[in-house]
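Each chain, letter by letter, is given below.
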Amino acid sequence: MTELEKKIKAKIPGEDTGIEVKHSLCAICSPGIHCGVDCYVKDGKIIRVEGTMEHPYNHGHLCTKGSSLRNYVYREDRIKTPLKRGGERGEGKFEPISWDEAYQIIAENLNKVKEAYSANSVAFFSGYCKWYRPIFHRFAHVFGSVNFGTDDSTCSASMVIGYKVTSGAVGATDLIHANTFLGWNFDGYYSNHLNVAGVQKLKERGGKVIIIDIRDTPASKNLADIFLKIRPGTDGALALGMAKLIIDNGWADMDYVEKYTFGFDKYKELVDQYPLDKVCEITGLDGGKILEATKLFATNGPACINFSASALVHHINGFNTHRATVCLSALTGNFDRAGGNVPGVMTYLHKPAGFVTREHEFRSNRYPGGAKRIGAERFPLWDAQFDEFQSMDLLRQVETADPYPIKAIFGLGMNAKMFPQTNQLLKAMKNNLDFFVNTDLFMTMTCKYADIVLPACTSVERGELKAYQGGYLTFTQPVITPLYESKSDTDILCELARVMDLDDDLLKAGYEACMDWIIDGCGLTVADLKKSDLPVKVPIAQWPPRPGKCLEDGFKTPSGKFEFYSNAIAAIDPKYGLDPLPSYRDPLEDQNDPETKAAYPFYLCTGARLPHAIHSRTHETPWLRSLRPDPTIEVYTTDAERLGLQNGEPVELYSPYGKIRMKVKVTARSQPGVLMTLHGYTEANVNELIGRNHLDPYSGYPGFKGMRCNIRKVQEA
Ligand SMILES: Nc1nc2c(c(=O)[nH]1)N[C@H]1C(S)=C(S)[C@@H](COP(=O)(O)OP(=O)(O)OC[C@H]3O[C@@H](n4cnc5c(=O)[nH]c(N)nc54)[C@H](O)[C@@H]3O)O[C@H]1N2
Ligand SMILES: Nc1nc2c(c(=O)[nH]1)N[C@H]1C(S)=C(S)[C@@H](COP(=O)(O)OP(=O)(O)OC[C@H]3O[C@@H](n4cnc5c(=O)[nH]c(N)nc54)[C@H](O)[C@@H]3O)O[C@H]1N2
Ligand SMILES: [Mo]
């Protein structure tokens, strides 16, 4: 009897249940957090889902979302067949067509745009899913377009670029060897539950934890020795103020600074402008507590700092805020040292696993070049440092055709609600595009604007390659056949490559052949991986990452050192006004004129994670939606009292750009003057309130977590 058969027997006694337990993974969440799941399958249907005990990543744990996987897979709004638009764009009238017909229409329309304008006039855009990206990215380039973009335009890339220009590589927290963890905007309980264990272990062996957040969280409650509840968007000023305290008190590691860093004198001049009283005034924090936290961090080393893919960098000052926090690591001699922030190699799909693959080469070795990508002119630092277009400039270019028209969009999981002022994007797409094809699991608002909609299948219906920290690779097997006529995104792309006769034998050979190419040199093939239904240890993997490599070999920056003063930023045309130093500016700098301030006195923070929701994809998943049935706006107790707002009361939330309706949730967890809500609701899309030009000039990221707004009572609709 196999282990799984034993498990069924143990759980479901009796003979011949007809149930098989099969391993797969849950891909509802972030790419690096794909937990192993046991799917109990009977008569071709999943009847139960549990976390896989033997999985080296989640060890049986599953979050709220993973526990709802079955409900997600069997949602009623799954797209069942390829669809062709019948009515107007946006109306949602479609007729089913065959896959062959869909491919023919797509091929014809993409080629038409290519002939009439250029291949670059077709933009390829992926939403949150990562798993198919190398195939999609290469597809775009082989078709001839430089324009491949993704949700990275708003997620993680700003952090990655911030690290790249400062230290050449992302520095992961070495919690195992740390004595102090600075959890800057860290709340793993909500956004990445498997991250919490490492911090808990550090505490169990006597380590100290500092949490900096704008709201009380499970992390501030369960983990923090010191909790700094900071005014949102002011973290940059705090980081500079902490640096000044570290230098002034003699806590800096000056040997490290002299040997390994660049631009210290200029950095010191900058931080000298942030004395403690000024920092208190900006951040709303108590000076004694800042001093206490700074001393702990700087003197109880080794210490590591959390980085965030979103919270800090979702402010228009966010890129430099992130850099300012990274600088604290080098200032205290913690960067690339055991227990500090240790750079590792990126293995595959945003996941460091201790070995390299040929992912980057696979997607970039067919880059056609010859034209500027979308956003290149407006966000030159992004363009120089990241190999995708900055999609926050897509709307402008679709509207203006400057510097050249965008006439078609090929979307995989494209969700317009991800973009500030969604309605303007949809309107521009409706009026200015010749062709829009989107692929999704569900019939979304964005799909309704498409000319062709293709049904994708979920992670349990497909096979996919995934790397896991610890040095693992896996290639999953489908546990059920794809529902209806749905297909995996990569099969769709590879089949289309054949129909279009693209000049690429690799894509035409299919997903598995491409993955074999990517993992060539790792010592395992897809066929080897498929022999196991669990992640397999890769022979060449070196895990955990070894500290000291940058210190020995030099940093991958222009100076070869850790750069307080970034030469890569200094190389950008001065007309953009980008500061090579991590200087601070007000997160509402573009909204501080007296009229706007008076009309929109609240600070709106959108999308701070809650455990039951992830972007737009779970709001319409019934089990998850039932946990918070209404789109809610969290209002601080004293503000609610002052405005006479009760729990559950309908309100209108409005900014200079738009308005939406939500229900009030009175909370004592946030702070006065701050309103917090989730993004991604169709009926209450908060991104209508975020200005399309309220963007960080370094990264292009929107100020999702820092926007002026106001709130008023309304009668129930
Ligand atoms: N206001 C505000 N806006 C934000 C944020 C915020 O905090 N506040 N966060 C930003 C961040 S960090 C991110 S990462 C983005 C995420 O932004 P989005 O890309 O909008 O994320 P989702 O809505 O989860 O997913 C997009 C679509 O992918 C579909 N999908 C799911 N699985 C598959 C699949 O296997 N194949 C295909 N083809 N489609 C699939 C989903 O059904 C969904 O319609 O949002 C950003 N937008
Ligand atoms: N449940 C759930 N998990 C998710 C996601 C999801 O949508 N839902 N999304 C995934 C994705 S795409 C991403 S990018 C990651 C993001 O992962 P995180 O960055 O961890 O997520 P957040 O909850 O947005 O931010 C962390 C904390 O920062 C706080 N914060 C907000 N603004 C500020 C600020 O100005 N200063 C400080 N110091 N703190 C602030 C929030 O209150 C929150 O507690 O999460 C991933 N995990
Ligand atoms: Mo994200």
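Residues numbered from 1 in each chain as written. Chains lettered and ligands numbered in written order. Predicted model: local features only at pLDDT ≥ 70, side-chain atom pairs only at ≥ 80, totals over all residues. Heavy atoms only, no water.

### Observations regarding the site of ligand 2
And step 1. Contacts to ligand 2 come from 33 residues, most closely from S191, D213, D235, R609 and A613.
And step 2. Contact between ligand 2 and R215: an oxygen atom at 2.8 Å from a side-chain N or O atom of the residue.
And step 3. If ligand 2 stood free it would expose 900 Å²; the protein chains cover 96% of that surface.
And step 4. Those elements that place two or more of their residues in the shell around ligand 2 are helix 7 (188-191) and strand 10 (208-213).
And step 5. Within the shell around ligand 2, the residues separate by chemical class into 16 nonpolar, 10 polar and seven charged.
And step 6. Looking at which domains feed residues into the shell around ligand 2, each of domain 3 (171-343) and domain 4 (589-713) gives three or more. (Near = heavy atom within 4 Å. Polar contact = N/O pair within 3.5 Å; in protein donor to acceptor, adjacent residues only side chain to side chain. Areas by Shrake-Rupley, 256 points an atom, 1.4 Å probe, with all protein chains shown as cover. Helix = DSSP H or I, 4+ residues; strand = E, 2+ residues; numbered from the N terminus. Nonpolar A, V, L, I, M, F, W, Y, C, P; charged D, E, K, R; others polar. Domains from an automatic or database assignment.)

### A look at the pairing of strand 23 (residues 632-636)
Working note: regular strand, side chains alternate between the two faces of the sheet.
And step 1. Burial runs high along strand 23: five of the five residues are buried.
And step 2. Of the two faces of strand 23, both are covered, the one formed by T632, E634 and Y636 as well as the one formed by I633 and V635.
And step 3. Sheet analysis places strand 23 next to strand 25 (residues 659-667), joined by five bridges and oriented parallel. The residue of strand 25 that forms the bridge with V635 is V666. (Buried < 20%, exposed > 50% of the residue type's maximum accessible area, 1.4 Å probe, protein only. Pairing = 2+ DSSP bridges.)

### With respect to the environment of N179
And step 1. By secondary structure assignment, the location of N179 is in the loop between strand 8 (171-173) and strand 9 (180-184).
And step 2. Separated by 420 residues in sequence, N179 and A599 have C-alpha atoms that sit 47 Å apart.
And step 3. Discounting chain neighbours no more than four positions away, the residues touching N179 are L202, R205, G207, K208, N300, G301 and P302. (Contact = heavy atoms within 4.5 Å.)

### Observations concerning helix 13 (residues 276-283)
And step 1. Buried residues of helix 13: V279, C280, I282 and T283, and no others. For helix 13, the buried positions fall inside an angular range of 165 degrees around the axis, keeping them on one side. When the buried face of helix 13 is taken as reference, the exposed residues oriented beyond 90 degrees from it are D277 and E281.
And step 2. Its buried side turned inward, helix 13 meets helix 10 (235-248) and helix 14 (287-299).
And step 3. Following helix 13 by one or two positions, G284 adopts a phi angle in the positive range, close to 75 degrees. (Arc of directions from axis to C-beta.)

### Description of the domain arrangement of the chain
Frequently, the measure chosen for interface size is the accessible area that the parts lose on association.
And step 1. For the chain, the domain assignment lists domain 1 (3-73), domain 2 (83-156 + 349-537), domain 3 (171-343) and domain 4 (589-713).
And step 2. Summarising the inter-unit geometry, the C-alpha centres of domain 1 and domain 3 are found 38 Å apart.
And step 3. Of the residues lining the interface, seven residues belong to domain 1; the matching set on domain 3 comes to four residues.
And step 4. At the boundary of domain 1 with domain 3, total buried surface from both sides reaches about 440 Å², with 70% on carbon and sulfur atoms.
And step 5. Where domain 1 meets domain 3, there are zero salt bridges.
And step 6. Viewed at the interface, domain 3 and domain 1 are joined by zero residue pairs in polar contact (both at pLDDT 80 or more).
And step 7. In terms of residue class, the side of domain 1 that touches domain 3 is made up of five nonpolar, two polar and no charged. (Buried area = accessible area lost by both parts, 1.4 Å probe. Salt bridge = Lys/Arg side-chain N within 4 Å of Asp/Glu carboxyl O.)

### Remarks on unusual backbone geometry
For residues besides glycine, phi is generally negative; the peptide bonds are generally trans as well.
And step 1. Cis geometry is adopted by the peptide bond preceding P403, which originates at D402 and carries an omega value of 5 degrees.
And step 2. Tracing the sequence through the fold places P403 in the loop between helix 18 (394-400) and strand 15 (408-412).
And step 3. Going from W543 to P544, the amide bond is cis rather than trans, its omega being 0 degrees.
And step 4. Here P544 shows up in the loop between strand 20 (536-537) and helix 24 (549-553).
And step 5. Non-glycine residue D336 carries a positive phi angle of around 65 degrees.
And step 6. The phi torsion at H350 lies on the positive side, around 65 degrees, for a residue other than glycine.
And step 7. For H350, the location among the structural elements is in the loop between strand 14 (341-343) and helix 16 (359-364).
And step 8. A relative accessible area of 33% means that H350 is categorised as partly exposed.

### As for the pattern of salt bridges
And step 1. Counted under the stated rule, the structure contains 44 salt bridges.
And step 2. D451 is the partner of R89 in a salt bridge, and the nearest nitrogen-oxygen pair spans 2.9 Å. With R89 in the loop between strand 4 (83-85) and strand 5 (94-96) and D451 in the loop between strand 16 (435-440) and strand 17 (452-455), this pair connects stretches of sequence that are 362 residues apart. No difference in accessibility class separates R89 from D451, as the two residues are buried.
And step 3. We note a salt bridge from K244 to D248, for which the minimum N-O separation is 2.8 Å. Here the residue K244 and the residue D248 both occupy positions in helix 10, the gap between them amounting to four residues, near one helical turn.
And step 4. With a relative accessible area of 47%, D248 lands in the partly exposed category.
And step 5. Members of the salt-bridge network, linked through shared partners, are K130, R133, D151 and D152.

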